[in-house]
Amino acid sequence: MKQDIIELIRDALGRLVADGTLALEALPEPQLDRTRDPAHGDFATNIAMVLAKQARTKPRDLAQRLVEALPASAAVARVEIAGPGFINFFLTEAAYHALVPQIMTAGPDYGRSQVGAGRRVQVEFVSANPTGPLHVGHGRGAAYGSVVADLLAAVGFDVHREYYVNDAGRQMDILGTSVWLRYLELCGEELTFPSNGYKGDYVWDIAATLHREHGDAYRVAADAVFAGVAADDDGAGGGDKEAHIDDLIAAAKRLLGDNRYRFVFELGLNTILDDIRDDLAGFGVDYQEWYSERTLTESGAVNKAIERLRASGHVYEQNGALWFRSTDFGDEKDRVVVRDNGQTTYFASDIAYHMDKLERGFERVIDIWGADHHGYVPRVKAALEALGDDASRLEVLLVQFAILYRGGEKAQMSTRSGEFVTLRQLREEVGRDAARFFYVMRRCEQHLDFDLDLAKSESSDNPVYYVQYAHARVCSVLRQAAERGIGIEPSAGTSHLDRLVEPQEQALLRSIARYPEVVEGAALKAEPHQLTHYLRDLANELHTYYNAHQFLVDDAALRDARIKLILAVRQVLRNGLGLLGVSAPENM
RNA sequence: GCCCUCGUAGCUCAGCCGGAUAGAGCAAUCGCCUCCUAAGCGAUAGGUCACAGGUUCGAAUCCUGUCGAGGGCACCA
């Protein structure tokens, strides 16, 4: 609908240029907006004001000529020039009525478009280290990322959803060692668990599996493990918890040997990764690919990336380490890619990973990170530029934290003690629908206050129930109609739609007409909250209509028109909720 | 100290690629069920868009500075 009007304006501009009235080197893309005030029509464009200066005309005069040059259209009732030079378009009611059968025919496809057709985009999100279960912070990234991906797919992009698995590196060694130490405790060894180890119950669970299935096969005397190990942080300034855990990792590798160490490490990794996969699947989040960091090292991709940097002269050696001169590309300081002990850094893997993403041919690469990683953006972009790639193909979206509230109090516990609210606990408490909806209700760069009581409440205060109830209400009316033996004319019969003249009906028609624009905007700007707001507004209009008018009236023609309208509204509600990964219940 | 994000009604937030009178929900006050689910609807009230400059026909929106909140500044991941 909006596109049709834009075409009319473009035609008019073309005519004015063709007959010499308007001298322009290039035709600008006309900006067309929904009006806020119905007195200003349905759509308004500021094109005359934008072009007035270079056309050396008064905005209103230019607007007048544009209006005269507009091609006739059945959808446009009249056009007005208003204010400083706005051109307001008033659409015909027939144009809105025609929408109802269009929506019914399109069904689940209504709102989908092809603006992204032929363009491949990758969305990488969550990518939490597999060192423990996902917590509520990851949940926001999961909900946000999956909805952004689904929105992009809805507007035609070829979307590839990916989870980057950090299955290499020190944190994973700490996990493996934590599991082993807990296992030793289960074997009866007495030891002091390192302050920097992973202390969650899930570590005990994995250790118990190891003990149950393999008995003492991995047992080593605690004295041997802790012999010569640097002292742990004693909480009074003495000791070094980092050196302590590193020594324990080294001891584990030495005492277990490669194969046995690897087994314990893999058991921890796979158990947790399986849990994360299961958790995300239960949350309605699916991936095309789980990309292993380890394969980057094993395939030589990391070395290749470093060599490319070296070949292009962007690295140097200092203090035994290899540094990437990221300051040449706007970063605050240079970054190490190979440590003095010969190990490549996490950053080196990340360079290789992003290089690989671009090499795989994605036109756009979207990374969704927690806001605490924002300092990381410049160096990754710097690396891509240094490699000669187009860093603007990478878009990093930062998601702020979610803070849980229960009874008006913060409900989130400390992550340090290993006790945190997991995503699974949240799902169990408020359900998948509410969790997803609440997570994407706010702009991603906005801190999210997640009100657990509200998410659980079965009242109109709860936006999820409110929207779902609107859907269920339509279903309920249809059940009533069926009970009373009222038949509904097939969707092809649109002859009575001109009976929809009430203000609530006109408001609903305008709202459902706007839906494709909302989906496109939400997708292109990666702003799912636009959709949640829209759905709340649409639900409100449906409820208002429901309260103001009876649908199942005796006048068969009017009744039929009203039922068709609410069927179309139901379809839009269903489609919108579907894009959010939220169910559309038939009754509540 | 440097960098990033944010600052809009009592609370939670939209609006931010400049546009016509700054919007919604909650909370407050007052109303609406012999009627398709009151898990609903309506009305009233509530604002120096943090502050100060600048850009222009026009600024909540763009730029600069100040203040305030959160986060980040490792040869960790």
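Given the structure is predicted, the values throughout are model-derived calculations rather than measurements. (Residues numbered from 1 in each chain as written. Chains lettered and ligands numbered in written order. Predicted model: local features only at pLDDT ≥ 70, side-chain atom pairs only at ≥ 80, totals over all residues. Heavy atoms only, no water.)

J.: Quick question: what am I supposed to make of the pairing of strand E8 (residues 315-318) here?
T.: In summary, the side chains of a regular strand alternate between the two faces of the sheet. Sheet topology note: the E8/strand E9 (residues 321-324) ladder contains four bridges and is antiparallel. Bridge assignment links Gln318 to a residue of E9, and that residue is Ala321. Counting the residues between successive antiparallel strands, the hairpin from E8 to E9 contains two residues, one of them, Asn319, with a positive phi of roughly 55°. (Pairing = 2+ DSSP bridges. Helix = DSSP H or I, 4+ residues; strand = E, 2+ residues; numbered from the N terminus.)

J.: Hey, could you run me through the sheet that holds strand E7 (residues 289-292) in this one?
T.: One open sheet holds the five strands; their spatial order is E7-E6-E5-E11-E12, and the pairing between them is parallel. This sheet does not close on itself; its edge strands, each paired only once, are E7 and strand E12 (394-399). For this sheet, the mean inter-axis angle between neighbouring strands, taken without regard to orientation, is 25°. Direction of pairing for strand E5 (residues 120-124) relative to strand E11 (residues 364-370): parallel, over a ladder of four bridges. In the strand pairing of E11, Val121 is matched with Arg364. The strands that helix H6 (residues 136-154) touches are E5, strand E6 (158-165), E11 and E12; relative to E6, the one it contacts most, it runs at about 155°. (Axes fitted to C-alpha atoms, helices over the stretch in contact; angles between N-to-C directions. Contact = heavy atoms within 4.5 Å.)

J.: Which parts of the structure should I look at to understand the pattern of salt bridges?
T.: A side chain of one charge can pair with a side chain of the opposite charge if their charged atoms are brought near each other. Counting across every chain of the model gives 37 salt bridges. The salt bridge involving Asp275 is made with Arg424; its shortest N-O contact spans 2.7 Å. Here Asp275, found in helix H10 (residues 241-282), pairs with Arg424, found in helix H15 (residues 423-430); they are 149 residues apart in sequence, far enough to count as distant. Relative accessible area serves as the criterion here: at 24%, Asp275 is assigned to the partly exposed category. The class of Arg424 is partly exposed, set by a relative accessible area of 22%. Here Asp278 and Arg424 are joined by a salt bridge, their closest N and O atoms 3.1 Å apart. Here Arg424 lies in helix H15 and Asp278 lies in helix H10, a separation of 146 residues in the sequence. (Salt bridge = Lys/Arg side-chain N within 4 Å of Asp/Glu carboxyl O. Buried < 20%, exposed > 50% of the residue type's maximum accessible area, 1.4 Å probe, protein only.)

J.: I would appreciate a short explanation of helix H12 (residues 301-311) in the present structure.
T.: Since there are 3.6 residues in each turn of an α-helix, residues three or four apart along the chain are aligned in direction. Within the sequence span of H12, burial applies to Ala301, Val302, Ala305, Ile306 and Leu309. When H12 is viewed along its axis, its buried side chains cluster within an angular range of 140° and face the same direction. Taken together, the buried residues of H12 touch helix H11 (293-298), E8, E9, strand E10 (335-338), helix H13 (346-359) and helix H14 (377-386). Looking one or two residues beyond H12, the residue adopting positive phi is Gly313, at roughly 75°. (Arc of directions from axis to C-beta.)

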